[in-house]
Amino acid sequence: MSNPVTIIMIEDDEGHARLIERNIRRSGVNNEIVPFTNGTDALNYLFGKDGTGLGHKGNALLILLDLNLPDTTGIDILKRVKENKYLKATPVVVLTTTDDSQEIKRCYELGCNVYITKPVNYESFANAIRQLGLFFSVIQVPPAAT
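Computed from a predicted model, the values in this text were never measured in an experiment. (Residues numbered from 1 in each chain as written. Predicted model: local features only at pLDDT ≥ 70, side-chain atom pairs only at ≥ 80, totals over all residues. Heavy atoms only, no water.)

### Concerning the overall build of the chain
And step 1. Tallying secondary structure elements over the chain gives five helices and five strands in all.
And step 2. Sequence-ordered secondary structure for the chain, helices as α and strands as β, is β-α-β-α-β-α-β-α-β-α.
And step 3. Its C-alpha radius of gyration of 14 Å places the chain within 12% of the 15 Å reference for a compact globule of 146 residues.
And step 4. Across its three principal directions, the C-alpha atoms of the chain cover 40 × 35 × 25 Å.
And step 5. A total of 146 residues make up the chain; the buried ones form 45% of that total.
And step 6. When the accessible surface of the chain is split by element, carbon and sulfur atoms take 49% of a total near 7600 Å². (Helix = DSSP H or I, 4+ residues; strand = E, 2+ residues; numbered from the N terminus. Rg over C-alpha atoms; globule rule 2.2 N^0.38 Å. Buried < 20%, exposed > 50% of the residue type's maximum accessible area, 1.4 Å probe, protein only. Areas by Shrake-Rupley, 256 points an atom, 1.4 Å probe, with all protein chains shown as cover.)

Dropping the structure here:
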């Protein structure tokens, strides 16, 4: 039996973070959500004290990643995760306000699995997150490399 998937949410906007978590829960997803409001703390969690990512070996993670963070870019986080031998299979869902086609292309080239532009309208945003939660409930997530 595999470990349950832990959702790593990297989102600096507190209102967006609450909205994301609430609507993921409304879609029936009860997985642990580990929130981070900046990239530095998220990277420290993902890569651990030794910086290797080995601490998550065998764990199933899914990363929700905002690109616009106060201390580092989501692009840098995405790149580091996908270059890491232990974390590279971790699904990364970019969830951001940026809808620039070049940025979208770059994220996919770096290995993001899904790119979602946050709708400006509250109800549209809430609905998009509920649908994302339904998606989470059916996808298979591999454990970090062993």
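### Overview of the pairing of strand β3 (residues 61-65)
And step 1. Among the five residues of β3, five are classified as buried, and the element is accordingly described as predominantly covered.
And step 2. Side-chain alternation along β3 places Leu61, Ile63 and Leu65 on one buried face and Leu62 and Leu64 on a second face that is also buried.
And step 3. Pairing of strand β1 (residues 6-10) with β3, which is carried by five bridges, proceeds in the parallel orientation. Bridge assignment links Ile7 to a residue of β3, and that residue is Leu62.
And step 4. Two strands pair when backbone bridges link them, and β3 and strand β4 (residues 92-96) are joined in this way by three bridges, in the parallel orientation. If you follow Ile63 over to β4, its bridge partner there is Val92.
And step 5. Crossover handedness for the path β3 to helix α3 (residues 74-83) to β4: right-handed. (Pairing = 2+ DSSP bridges. Right-handed = clockwise from strand over helix to strand, strands pointing away.)

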